[in-house]
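Summary of structural features
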Amino acid sequence: SGSRRIKQKNVRRLNCHPVIAYTISAAFNSGIFANILVSTDSRRYADIAEYYGAEVPFLRPTEMATATSPDIEWIRFTLRKLCESGQHYDCFAILRPTSPLRKASTITRAWAQFLSDEKLDSLRAVELCKQHPGKMWILNDDRMVPLLDQPAEGPPFHSQQYAALPPIYVQNASLEISWCRTVLEQHSISGDVIMPFLTTEYEGEDLNDERDWVHLESLITANPSLLPRIDKRPFPSDV
């Protein structure tokens, strides 16, 4: 609940509903989950999540909900709390509310891909990076050096056209799927054997700042069907 770049972004209204509602709806409509839980340190967020059908069996400790809290902390905390209450799971998915254009079909496609390889530790959503690291720099006072080692022959990456650069993918926030044992035994969400899940079109759109919000609103204005459908009246706005 303490997001800094967009205040209260997970419950900010997007086309009438709080942003988190679209992720809950997509999760339900995917039909693959035994339980849909929301991890939050806010009672208000919990009330909104429960209104849309998700479970909030306990609140996340405040110290695990800061701007710099690593995901492994609250994931491990959640799995252990569930185990203590007799709820044992083989695997889990992280669906972040800041990717509201991820639909049920996105989740089911990722789930089928995850199940296709029993040697995996996890699967993570990625997309081609828009700002190539070959054109990124490290500043040392009034000098700068390329972030990446440059090719031994030919022009450096920073002087090449984007189409000529080696394809590099960046993770987005739309989804991750992992075995619970990866967290509980390896103390990692991703583990060592990670399968890429390539998101398409707008599935990986992520809300990080106000510019992202304006962009997303313009997409939805032009095509409202980009958002997952919610068959429920909006959460009361006076709360």
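Let us look at the structure shown here. (Residues numbered from 1 in each chain as written. Predicted model: local features only at pLDDT ≥ 70, side-chain atom pairs only at ≥ 80, totals over all residues. Heavy atoms only, no water.)

Things to note about the overall build of the protein
Helix and strand counts for the protein stand at six helices and eight strands. In sequence order, the secondary structure elements of the protein are arranged as β-β-α-α-α-β-α-β-β-β-β-α-β-α. Taking 2.2 N^0.38 as the reference for a compact globule, 239 residues should give roughly 18 Å; the C-alpha atoms of the protein span a radius of gyration of 20 Å, in line with that estimate. When each of the 239 residues of the protein is scored for burial, the buried share is 41%. Considering only intrachain contacts with a sequence separation of at least 6, the fraction spanning at least 24 residues in the protein is 71%. A total accessible area of about 13600 Å² is found for the protein, and carbon and sulfur atoms account for 51% of it. Distance between charge centres in the protein, computed from 26 positive and 30 negative side chains, equals 5 Å. (Helix = DSSP H or I, 4+ residues; strand = E, 2+ residues; numbered from the N terminus. Rg over C-alpha atoms; globule rule 2.2 N^0.38 Å. Buried < 20%, exposed > 50% of the residue type's maximum accessible area, 1.4 Å probe, protein only. Contact = heavy atoms within 4.5 Å. Areas by Shrake-Rupley, 256 points an atom, 1.4 Å probe, with all protein chains shown as cover. Lys, Arg positive; Asp, Glu negative; His and termini not counted. Charge placed at Lys NZ, Arg CZ, Asp CG, Glu CD.)

Notes on unusual backbone geometry
Of note in the backbone geometry, Asp141 takes a positive phi value of approximately 55° without being a glycine. Summarising the element assignment, Asp141 is placed in the loop between strand 5 (137-140) and strand 6 (143-146). Overall, Asp141 belongs to the exposed group, its relative accessible area being 82%. Within the chain, His187 stands out as a residue other than glycine whose phi angle is a positive 55°.

Some details on the environment of Arg229
Of note, Arg229 is situated in the segment after helix 6 (210-222). As a C-alpha pair, Arg229 and Asn29 span 200 residues in sequence and 9.3 Å in three-dimensional space. When near neighbours in sequence (up to four residues on either side) are disregarded, Arg229 contacts Ser25 and Asn29. In terms of polar contacts, Arg229 uses its side chain to reach the side chain of Asp231, at 2.7 Å. (Polar contact = N/O pair within 3.5 Å; in protein donor to acceptor, adjacent residues only side chain to side chain.)

A look at the side chain of Asn172
Note on placement: Asn172 falls in strand 7 (residues 169-179). A polar side-chain atom of Asn172 sits 3.0 Å from a polar atom in the side chain of Glu127. Those residues within four positions of Asn172 in sequence are excluded, and the remaining contacts are Ala125, Val126, Glu127, Thr199 and Gly204.

Re the nonpolar core
Of all hydrophobic cores here, the largest spans 41 residues; its most connected members are Leu14, Ile24, Val38, Tyr52, Leu123, Leu175 and Leu216. Of all the elements in the fold, those that place two or more residues in this core are helix 1 (19-30), helix 2 (43-51), helix 4 (104-115), strand 4 (122-128), strand 7, strand 8 (194-198) and helix 6. Here the element with the most residues in this core is helix 1; it accounts for seven residues. Sequence-distant contacts of Leu14, defined by excluding residues within four places in its chain, comprise Val19, Tyr22, Pro100, Trp213, Leu216, Glu217, Ile220 and Leu227. (Core = buried A, V, L, I, M, F, W, Y, C linked by side-chain atoms within 4.5 Å.)

Some details on the pattern of salt bridges
Applying the stated rule across the entire model yields ten salt bridges. The salt bridge involving Asp47 is made with Arg43; its shortest N-O contact spans 3.1 Å. Residue Asp47 and its partner Arg43 are both found in helix 2; the two are separated by four residues, about one turn of the helix. Given the relative accessible area of 33%, Asp47 is considered partly exposed. (Salt bridge = Lys/Arg side-chain N within 4 Å of Asp/Glu carboxyl O.)

Regarding a nonpolar patch on the surface
There is a patch of nonpolar side chains on the surface, built from Leu128, Tyr162, Tyr169 and Leu198 and spanning about 390 Å² of accessible area. Tracing the backbone through its elements, the reader meets Leu198 in strand 8. Given the relative accessible area of 44%, Leu198 is considered partly exposed. (Patch = residues over 30% accessible without salt bridge, like charges linked within 9 Å, V, L, I, M, F, W, Y side chains within 5 Å.)

Looking at the packing of aromatic side chains
Overall, the coordinates contain five aromatic pairs when judged by the stated rule. With a centroid separation of 5.2 Å and 80° between ring planes, the pair formed by Tyr51 and Phe235 is classed as edge-to-face. Of this pair, Tyr51 sits in helix 2 while Phe235 sits in the segment after helix 6; the two residues are 184 residues apart in sequence, bridging distant segments of the chain. Looking at Tyr51, the relative accessible area reads 27%, which means it is partly exposed. A relative accessible area of 8% places Phe235 in the buried class. Ring plane angle 90° and centroid distance 5.7 Å describe the contact between Phe58 and Phe77, whose orientation is recorded as edge-to-face. Taken together, the residues span a long stretch of sequence, with Phe58 in the loop between helix 2 and helix 3 (71-84) and Phe77 in helix 3 at a distance of 19 residues. Phe77 matches Phe58 in its accessibility class, with the two residues each being buried. If you follow Arg181 out to its NZ or CZ, it ends over the ring of Trp179, 4.8 Å from the centre. (Phe/Tyr/Trp six-rings, centres within 6.5 Å; stacked < 30°, edge-to-face > 60°. Lys NZ or Arg CZ within 6 Å of the ring centre and 35° of its normal.)

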